[in-house]
Number of protein chains: 2
Amino acid sequence: MGTTREITLSDLDDISRGAAILGTGGGGDPYIGRLLATAALREHGPVPLVDLGELEPGAAVLPVAMMGAPTVMVEKLPSVDQIGLAATTLATYLGRELTHVACAEAGGVNSLIPVAAAAQLGLPLVDADGMGRAFPEIQMVLPTLYGIRATPMAIADEKGNRGVLDTVDNHWAERLARSATIDMGCSAMISTYAMTGAQARDSLVPGTLSLCAELGALVRSARAGFRDPVDAVVARLGGRRLFTGKVTDVVRRTVTGFARGEATLAGMDGDTGAELVLRFQNEHLVAERDGTTVAAVPDLVCTLDRESGEAVTTESLRYGQRLTVIAAPADPRWHSPEGLALAGPAYFGYEVAR
Amino acid sequence: MGTTREITLSDLDDISRGAAILGTGGGGDPYIGRLLATAALREHGPVPLVDLGELEPGAAVLPVAMMGAPTVMVEKLPSVDQIGLAATTLATYLGRELTHVACAEAGGVNSLIPVAAAAQLGLPLVDADGMGRAFPEIQMVLPTLYGIRATPMAIADEKGNRGVLDTVDNHWAERLARSATIDMGCSAMISTYAMTGAQARDSLVPGTLSLCAELGALVRSARAGFRDPVDAVVARLGGRRLFTGKVTDVVRRTVTGFARGEATLAGMDGDTGAELVLRFQNEHLVAERDGTTVAAVPDLVCTLDRESGEAVTTESLRYGQRLTVIAAPADPRWHSPEGLALAGPAYFGYEVAR
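Computed from a prediction, not measured in an experiment: that's the story for all the values here.

1. Overview of the interface of chain B and chain A
Stage number 1. Contacts between chain B and chain A engage 18 residues on the former and 18 residues on the latter.
Stage number 2. Approximately 1700 Å² of surface area, both sides summed, lies buried where chain B meets chain A, with 51% of it carried by carbon and sulfur atoms.
Stage number 3. Together, B:Asn161, B:Arg162 and B:Asp183 form the three largest contributors to the area buried by chain B at its contact with chain A, with a combined 32%.
Stage number 4. Counting every contact that joins chain B to chain A gives 4 salt bridges.
Stage number 5. As a salt-bridge pair, B:Asp166 and A:Arg162 come within 3.3 Å of each other at their nearest N and O atoms.
Stage number 6. Where chain B packs against chain A, one counts 9 residue pairs in polar contact (both at pLDDT 80 or more).
Stage number 7. For the side of chain B that touches chain A, the secondary structure elements donating two or more residues are strand E7 (162-166) and helix H7 (170-183) of chain B.
Stage number 8. The biggest single contributor to the side of chain B that touches chain A is H7(B), with 6 residues.
Stage number 9. Broken down by class, the residue content of the side of chain B that touches chain A amounts to 8 nonpolar, 5 polar and 5 charged.
Stage number 10. Here strand E7 (residues 162-166) of chain A pairs with E7(B) via 5 bridges, running antiparallel. Across the sheet, the residue bridging to A:Val164 is B:Val164, located in E7(B).

This is the structure in structure tokens:
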């Protein structure tokens, strides 16, 4: 059972490109994610990739991620040491040997940090993640719907400060870890949702890293073959084009530990004369066309360069960029009443008729 | 060697009364401290009190304290469970058996919380503290001057949330623990500066609990004998009277996790016509008579009821109170250059000619 696969240096371009698309504007800059994973694979060699279905029920799976404002992460890079520190701090606290590393979310940094962590720790990586996309807050993972606790969790910064949190629920984990992240300079490394193999098989989204690699390859080969890379992404995700336009305004504030703001696009091509507003908290939350919401969390709203199909993260949005905005369906579990309560529009303060 | 002493229910009145004096306006309300310790002694019996000099060098000493704004502590009482939770969380993290509990500071709550913790944990209490008074921030203890680390430290709230911090220095411990305290509702239980018996003997202030009990008894017996209790306190502490007056104004804000503010007193008795301003951050920091600083940290500035000699904490200051303000010398180590850098007037933003 189980084909042996591994992530090598030559896979990182496609994975980071595809991960940034699933990051829906958040999840970190793919260039930084690629740099970190490249450094780790150069030092430690390839990372074995294990299918979710192959996990032994008793496996000890540890998701790792970067927490904070992506606006800060592009200026304050995580150190390679820091990546391992959160994981080993938690393993020591739990008094357990880890068997696998996993991704908490998909994103340009957060799909690649686990690759670097797995390489550094000498562990295999699970081909899965906790969301099937990126979301801004700790409790917003499918494992929360399965009653899996975010804590004990560990948090570490590049200076060597670290902490372990053990909270009464996952919302308290978010609250305490967010304050620590802000103190640590608005970005920190976390390891959270330590779980068994059985819990991982139930609760994670299977195949996310493979999907990242596939999306990245689709964009690359469409470009090489002079086809529209956005079409390739939309087709693969079963999504739809929402809008094509030029960024005319970006308001961005790094507050309460997040990159919050909105971007306005003036329509081009078939959307000339129309306007699209994107509202984001690290990730895109809602897209409003001429005042009407046309897509919202938990579904994916992704901003892609109109020509190259490369994801544009919310911290990289700039006046004059030509973007195509697409929507794509989330893992169906996000549309359950519990999923919507956790990460639907109302949680973020939006009223959306569905 | 060593006389066997213990703290019983009948000692708590004097200890809390004296501790509130050494708390220099902070350290918590003595009524609350007495309630907590009474509940713990009723349930678990008396607590053995051990002289600092009797500690074996290899003893494992754990100071415990309440952290936060005293303005909040009078409304949100710590739970008895919470007292033990921080201590046991840290002991588990350290993987060590504790042998003794200690006081981080002197104060109406913070001298009594360790009594309750020792009773609950079934451990003896060390007759000592980390300051010889109360100070508002975690790094402000004499052990910092001896290179003893505040972390690993544990923090816990009454809801059951807890965390362990392990930081690169004691200022980072303060910063991260303060944010967690604010999230936890502005008051939390901590256990910090875990140290060996040898370290405790070097760095703690000996005899603080005995001094609290003695001060409390002096005030009580002066009152019973129709003598001035303030005189008795001033004489015992080698201090001086600064001012007697009526509170005419109090400005108090609970911000950044502290009770900050100032109180103005209009002179009475020999001070008629003069004005005293007290500036505080949980504890009194400076006393200014008609614009001139007449006492400042690290020395003790204590506000006592003019008649009864009872300490009045900064969160209890009210218009119309008649107070006598006294100053008393701090442990001489606080006047070293390192001590002044840690908790002298300049750290708090005051320029004081010395």
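2. Considerations on the side chain of B:Asp129
Residues and elements named next belong to chain B.
Stage number 1. The topology assignment puts Asp129 in strand E5 (residues 125-129).
Stage number 2. Buried charge without a partner: Asp129 forms no salt bridge, and the closest opposite charge is Arg333, 7.9 Å away.
Stage number 3. At a separation of 3.3 Å, a polar atom in the side chain of Asp129 contacts the main-chain amide nitrogen of Ala106.
Stage number 4. Reaching out from Asp129, the side chain makes a polar contact with the side chain of Thr208 at a distance of 2.6 Å.

3. A short note on helix H1 (residues 12-22) of chain B
All names here are of chain B.
Stage number 1. Burial runs high along H1: 10 of the 11 residues are buried.
Stage number 2. Its buried side turned inward, H1 meets strand E1 (5-7), helix H2 (30-44), helix H5 (113-121), helix H9 (208-224), helix H10 (229-237) and strand E16 (300-305).
Stage number 3. In the segment just after H1, Thr24 is the residue with positive phi, at about 50°.

4. So, the pairing of strand E17 (residues 322-328) of chain A
Residue and element names in this part refer to chain A.
Stage number 1. When you tally the buried positions in E17, you get 6 out of 7 residues, the bulk of the element.
Stage number 2. The pairing of strand E11 (residues 240-255) with E17 spans 6 bridges and is classified as antiparallel. Bridge assignment links Thr244 to a residue of E17, and that residue is Thr324.
Stage number 3. Pairing of strand E16 (residues 300-305) with E17, which is carried by 6 bridges, proceeds in the antiparallel orientation. Paired with Thr303 across the two strands is Val325, which belongs to E17.

5. As for the relation of the copies chain B and chain A
Stage number 1. When chain B is fitted to chain A, the best match, at an RMSD of 0.0 Å, comes from turning it 180° and sliding it 0.0 Å along the axis. Seen this way, the second copy is the image of the first under a two-fold rotation axis. Rotation axis and chain B: the residue whose C-alpha lies nearest the axis is B:Val164, separated from it by 2.5 Å.
Stage number 2. Comparing interface residues between copies, 100% of those in chain B also sit at the interface in chain A, which points to an isologous, same-surface contact.

6. Comments concerning the packing of helix H1 (residues 12-22) of chain A against helix H2 (residues 30-44) of chain A
All names here are of chain A.
Stage number 1. The geometry of H1 relative to H2 is characterised by a closest axis approach of 9 Å and an angle of 145° between their N-to-C directions. Every pair of crossing elements has a handedness; the one defined by H1 and H2 is right-handed. Counted together, Leu12, Asp13, Ser16 and Ala20 of H1 and Pro30, Arg34, Ala37, Thr38 and Leu41 of H2 form the full contact between these two elements.
Stage number 2. The residue makeup of the contact of H1 with H2, split by class, is 5 nonpolar, 2 polar and 2 charged.

7. Description of the layout of surface pockets
Residues and elements named next belong to chain A.
Stage number 1. Taken as a whole, the largest pocket spans an internal volume of roughly 270 Å³.
Stage number 2. Lining the largest pocket are 14 residues, and of these Gly132, Leu211, Pro329, Ala330 and Asp331 sit closest to its centre.
Stage number 3. Classifying every residue of the lining of the largest pocket gives 10 nonpolar, 3 polar and 1 charged.
Stage number 4. Mapping the lining of the largest pocket onto the domain boundaries places at least three of its residues in each of domain 1 (5-208) and domain 2 (228-343).
Stage number 5. Its boundaries defined by the atoms lining it, the second largest pocket holds a volume of some 210 Å³.

8. Regarding the nonpolar core
Stage number 1. If you look at the biggest cluster of nonpolar residues, it comprises 192 residues, and the most contacted ones within it are A:Ile7, A:Val115, A:Leu125, A:Ile138, B:Ile7, B:Val115 and B:Leu125.
Stage number 2. The residues touching B:Ile7, leaving out its near neighbours within four places in the chain, are B:Leu12, B:Ile15, B:Leu41, B:Pro46, B:Val47, B:Leu49, B:Val115, B:Leu125 and B:Leu209.

9. Description of the side chain of A:Glu174
All names here are of chain A.
Stage number 1. Tracing the chain through its elements places Glu174 in helix H7 (residues 170-183).
Stage number 2. For Glu174, a relative accessible area of 7% translates into the label buried.
Stage number 3. From its side chain, Glu174 meets the backbone nitrogen of Ile138 in a polar contact 2.7 Å long.
Stage number 4. When near neighbours in sequence (up to four residues on either side) are disregarded, Glu174 contacts Met67, Glu137, Ile138, Gln139 and Phe258.

10. Considerations on the sheet that holds strand E15 (residues 292-296) of chain A
All names here are of chain A.
Stage number 1. In space, the 7 strands of this open sheet follow the order E15-E14-E13-E12-E11-E17-E16, with antiparallel pairing throughout. Here the strands that pair on one side only, and so sit at the sheet edges, are E15 and E16. Here the strands of the sheet are splayed against their neighbours by 35° on average, with no regard to which way each runs.
Stage number 2. As defined by bridge partners, strand E12 (residues 258-267) adjoins strand E13 (residues 275-281) across 7 bridges and the pair is classed as antiparallel. By the bridge assignment, Ala266 is partnered in E13 with Glu275.

Calculation rules
- Residues numbered from 1 in each chain as written.
- Chains lettered and ligands numbered in written order.
- Predicted model: local features only at pLDDT ≥ 70, side-chain atom pairs only at ≥ 80, totals over all residues.
- Heavy atoms only, no water.
- Contact = heavy atoms within 4.5 Å.
- Buried area = accessible area lost by both parts, 1.4 Å probe.
- Salt bridge = Lys/Arg side-chain N within 4 Å of Asp/Glu carboxyl O.
- Polar contact = N/O pair within 3.5 Å; in protein donor to acceptor, adjacent residues only side chain to side chain.
- Helix = DSSP H or I, 4+ residues; strand = E, 2+ residues; numbered from the N terminus.
- Nonpolar A, V, L, I, M, F, W, Y, C, P; charged D, E, K, R; others polar.
- Pairing = 2+ DSSP bridges.
- Buried < 20%, exposed > 50% of the residue type's maximum accessible area, 1.4 Å probe, protein only.
- Lys, Arg positive; Asp, Glu negative; His and termini not counted.
- Least-squares fit on C-alpha atoms with pLDDT ≥ 70 in both.
- Axes fitted to C-alpha atoms, helices over the stretch in contact; angles between N-to-C directions.
- Left-handed = near helix turned anticlockwise from the far one by under 90°.
- 1 Å grid on protein atoms, 1.4 Å probe; cavity = no way out; pocket = protein on both sides within 12 Å on 5 of 7 lines; lining within 4 Å.
- Points joined across faces, edges and corners; volume = space filled by probe spheres on them.
- Domains from an automatic or database assignment.
- Core = buried A, V, L, I, M, F, W, Y, C linked by side-chain atoms within 4.5 Å.

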